[in-house]
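Analysis of the macromolecular model
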Amino acid sequence: MFTGIITDIGTIRAREDRGDARLVIGTAYDVGTIDLGASIACSGACLTVVDKGVDGDSNGPGGWFAIDASAETIARTAPGMWEAGRRLNLERALKIGDELGGHIVTGHVDDIGRIVSVEPVGDSVTVTVAAPASLAPHIAPKGSITVDGVSLTVNAVIDQPDGEAHFTLNIIPHTQEMTTLDEAAAGRPVNLEIDILARYLARMQARG
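Residues numbered from 1 in each chain as written. Predicted model: local features only at pLDDT ≥ 70, side-chain atom pairs only at ≥ 80, totals over all residues. Heavy atoms only, no water.

**Points about the overall build of the protein**
Tallying secondary structure elements over the protein gives three helices and 12 strands in all. Based on the C-alpha atoms only, the size of the protein along its principal axes is roughly 55 × 45 × 35 Å. Residues counted as buried form 43% of the 208 residues belonging to the protein. Taking all contacts inside the protein whose residues are at least 6 apart in sequence as the whole, residues at least 24 apart take part in 67%. Split by element, the accessible area of the protein, about 10,300 Å² in all, is 52% carbon and sulfur. Here the protein contributes 16 positively and 28 negatively charged side chains, and the mean placements of these two sets differ by 5 Å. (Helix = DSSP H or I, 4+ residues; strand = E, 2+ residues; numbered from the N terminus. Buried < 20%, exposed > 50% of the residue type's maximum accessible area, 1.4 Å probe, protein only. Contact = heavy atoms within 4.5 Å. Areas by Shrake-Rupley, 256 points an atom, 1.4 Å probe, with all protein chains shown as cover. Lys, Arg positive; Asp, Glu negative; His and termini not counted. Charge placed at Lys NZ, Arg CZ, Asp CG, Glu CD.)

**A short note on the pairing of strand 5 (residues 63-69)**
For strand 5, the buried fraction is high: six of the seven residues fall into the buried class. Direction of pairing for strand 2 (residues 20-27) relative to strand 5: antiparallel, over a ladder of seven bridges. Opposite Gly26, over in strand 5, you have Trp64 as the bridge partner. As paired elements, strand 4 (residues 45-54) and strand 5 share five bridges and run antiparallel to each other. Directly across from Lys52, in strand 5, lies its bridge partner Phe65. (Pairing = 2+ DSSP bridges.)

**Structural notes on the side chain of Asp148**
Within the secondary structure layout, Asp148 lies in the loop between strand 9 (144-147) and strand 10 (150-159). Look at Asp148: it is buried, it has no salt bridge, and the nearest opposite charge is Arg188 at 4.6 Å. Discounting residues that sit within four places of it in the chain, Asp148 has contacts with Ser43, Gly44, Asn89, Val190 and Asn191. (Salt bridge = Lys/Arg side-chain N within 4 Å of Asp/Glu carboxyl O.)

**Points about the sheet that holds strand 11 (residues 165-171)**
As summarised here, the arrangement of the six strands in space is 7-8-11-10-9-12, forming a closed barrel in which the pairing is antiparallel. Neighbour-to-neighbour, the strand axes of the sheet open up by a mean angle of 45 degrees, direction not taken into account. Examined bridge by bridge, strand 8 (residues 124-131) and strand 11 share seven bridges and lie antiparallel to one another. In the sheet register, Val125 faces strand 11, and the bridge partner there is Ile171. (Axes fitted to C-alpha atoms, helices over the stretch in contact; angles between N-to-C directions.)

**Structural notes on the nonpolar core**
Grouped together as the largest cluster of nonpolar side chains are 21 residues, with contacts concentrated most on Val129, Ile139, Ile145, Val147, Phe167, Leu169 and Leu192. Broken down by secondary-structure element, the contributors of at least two residues to this core are strand 8, strand 9, strand 10, strand 11 and strand 12 (189-194). With four residues, strand 8 is the single largest residue contributor to this core. Beyond its immediate stretch of four places on either side in the chain, Phe167 contacts Val127, Thr128, Val129, Ala131, Ile139, Ile145, Val147, Val154, Ala156, Val157 and Leu192. In this structure, Ile25, Cys42, Val49 and Phe65 belong to the second largest nonpolar core, which totals 20 residues. (Core = buried A, V, L, I, M, F, W, Y, C linked by side-chain atoms within 4.5 Å.)

**Details of a nonpolar patch on the surface**
Taken together, the side chains of Met1, Leu94, Leu100 and Ile104 present a nonpolar region at the surface, about 340 Å² in accessible area. Considering the arrangement of structural elements, one finds Ile104 in the loop between strand 6 (87-92) and strand 7 (111-121). A relative accessible area of 38% places Ile104 in the partly exposed class. (Patch = residues over 30% accessible without salt bridge, like charges linked within 9 Å, V, L, I, M, F, W, Y side chains within 5 Å.)

**Focus on the packing of aromatic side chains**
Applying the stated criterion across every chain yields a total of zero aromatic pairs. Sitting over the ring of Tyr29, Arg92 keeps its end group 5.7 Å from the ring centre. (Phe/Tyr/Trp six-rings, centres within 6.5 Å; stacked < 30°, edge-to-face > 60°. Lys NZ or Arg CZ within 6 Å of the ring centre and 35° of its normal.)

**Some thoughts on empty space enclosed by the protein**
Per the counting criterion, the structure on display carries three cavities of 30 Å³ or more. What the largest cavity holds in volume is close to 60 Å³. As for the largest cavity, its lining consists of Ser43, Ala78, Met81, Arg86, Arg87, Leu88, Asp148, Thr180, Arg188, Pro189 and Asn191. Looking at the lining of the largest cavity, the elements with two or more residues in it are strand 6 and strand 12. Classifying every residue of the lining of the largest cavity by side-chain character gives four nonpolar, three polar and four charged. (1 Å grid on protein atoms, 1.4 Å probe; cavity = no way out; pocket = protein on both sides within 12 Å on 5 of 7 lines; lining within 4 Å. Points joined across faces, edges and corners; volume = space filled by probe spheres on them. Nonpolar A, V, L, I, M, F, W, Y, C, P; charged D, E, K, R; others polar.)

The following block contains the structure:
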């Protein structure tokens, strides 16, 4: 379980395809505190640490950890995000007693959206994202949504004739600095996870 509050930006150092894709991700986390088998959300996808290490010339706690991304994970997440050199929003799993600063996030990507536009507004930027028709009913103004692992509040939603929903987000300078949303650009695919409450409400209504 996660909160959508990003605590590091990692970089994919290497990818080895061997059935699953073994990814080595550089991080500023103290890898000595990361257990093998621990869960880390990588741009919204919950993945399991299978190896780790400290850089030989490291003067700090940072190093790297490795995860295995299955074909299913790669198919259901944003195209291109698992290539060497890509930056990833990282969040370690929530512990009992931790502050819930964002909202409840499972680390299961529901679908892929795309950025429609990025417009500066003062020091912030307004980002418009197109959500597929499958998610459109679950996105509401002032509701929560996770974009590439980042917990955000929806400003407005405009339903489209083709069933998509275009929703807007206000990205403040702090969020730009602390996440990969500083790379937001029209056409960029993003991982979306709807609010868990919306998911269960939809299921209840379908069964009712």
